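Take a look at the letters that make up each chain.
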Amino acid sequence: MPELPEVETIARQLRPALVGRTIVSANVRWARTIAMPSARKFGNDVKGQRITEVARRAKFLVLKLQGPEDSRSKTYSILIHLRMSGDLSIRDSKIKPDKHDRLIFLLSSPSKAAEGESSLVFNDTRKFGRVWLTDDLQSVLGGLGPEPFSDEFTPEWLYTNLHARHRLLKPLLLDQSFLAGLGNIYTDEALHMAKLHPLAASDSIKRKQAEVLHEAIRAVLQEGIRRNGASIDWVYRGGEYQNYFRVYDRTNRPCIVCGRKIQKLVVGQRGTHICPHCQKLR
Ligand SMILES: [Zn+2]
């Protein structure tokens, strides 16, 4: 599943192609892709809206919209969560849809001189991806924890909030209401960098360890973004962070710090990779 660095990469790649374009129409090819409102209302309401911004919040892509000039209608946003297999691409509108295309936005030409129209296509083999249209971002995003690169996320915040709960460290870091954007890959990577065991109790983490974990979370996400994300079990994006994994997907291979074998365990039903020597459970 794409995590913060992958969704950020997609937002950066789509931004130049989408900002300023108007949605001519939306073809909902699988109604359950639309989480809110109904598929029919979605199609009606996005028509004529201009995309003013392509942003990311947690693992959501956010397309901010502006209605036609003369309307005093509300300001809407389209939110997209790719989940397991969702993919977004820009395509020539003359190309025949694929059977896994769930939603196709027909976009206006970027300029009068440009030929033809193009489409923004949401393709999703496994059908877990969802799309929202709302004038109230908080109704969808309101429950999320802070962004790892925000000013709110400080070492002190992390220490205080780890101690406000009694949870296992890895499941807590995966919890989007605690901290937004981390998934299985980057959590394993950050915990290894910070030399912390995924099964440690959140309120057992010392102040210094919280500082190191804070730095590790930012470091692995930053590196993931720099490598355009990791291309692994989801649609290929040209990311190459998978070539730089410390522990993820490296079972039985040597730890880059101590040389001992990486182990795979299951934590909260998620495959979890650790170095048992560097990440001791105390
Ligand atoms: Zn090690």
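This text follows the structure it describes.
K.L.:
Kindly report on unusual backbone geometry, identifying the contributing residues and their values.
P.N.:
For the peptide bond that leads from methionine 36 to proline 37, omega is -10 degrees, which places it in the cis range. In the Ramachandran plot, lysine 127 falls in the positive-phi region, its phi being about 65 degrees despite a non-glycine side chain. With respect to the helices and strands, lysine 127 occurs in the loop between strand S8 (118-124) and strand S9 (130-134). Positive phi, close to 70 degrees, is recorded for glutamine 269, a residue that is not glycine. Taking the relative accessible area as the measure of exposure, glutamine 269 reaches 77% and is therefore exposed.

K.L.:
Break down the packing of helix H6 (residues 184-193) against helix H7 (residues 207-226) for me, with residues and values.
P.N.:
Between H6 and H7, the shortest axis-to-axis distance is 8 Å and the interhelical angle comes to 130 degrees. Here H6 is positioned oblique relative to H7, judged by the angle of their axes. Where H6 crosses over H7, the handedness of that crossing is right-handed. Residues Tyr186, Glu189, Ala190, Leu191 and Met193 of H6 form the contact with H7, whose participating residues are Leu213, Ala216, Ile217, Ala219, Val220, Leu221 and Gly224. Taken together, the residues of the contact of H6 with H7 sort by class into 10 nonpolar, one polar and one charged.

Criteria and cut-off values
Residues numbered from 1 in each chain as written. Predicted model: local features only at pLDDT ≥ 70, side-chain atom pairs only at ≥ 80, totals over all residues. Heavy atoms only, no water. Helix = DSSP H or I, 4+ residues; strand = E, 2+ residues; numbered from the N terminus. Buried < 20%, exposed > 50% of the residue type's maximum accessible area, 1.4 Å probe, protein only. Axes fitted to C-alpha atoms, helices over the stretch in contact; angles between N-to-C directions. Parallel < 35°, antiparallel > 145°, perpendicular 65-115°, else oblique. Left-handed = near helix turned anticlockwise from the far one by under 90°. Contact = heavy atoms within 4.5 Å. Nonpolar A, V, L, I, M, F, W, Y, C, P; charged D, E, K, R; others polar.

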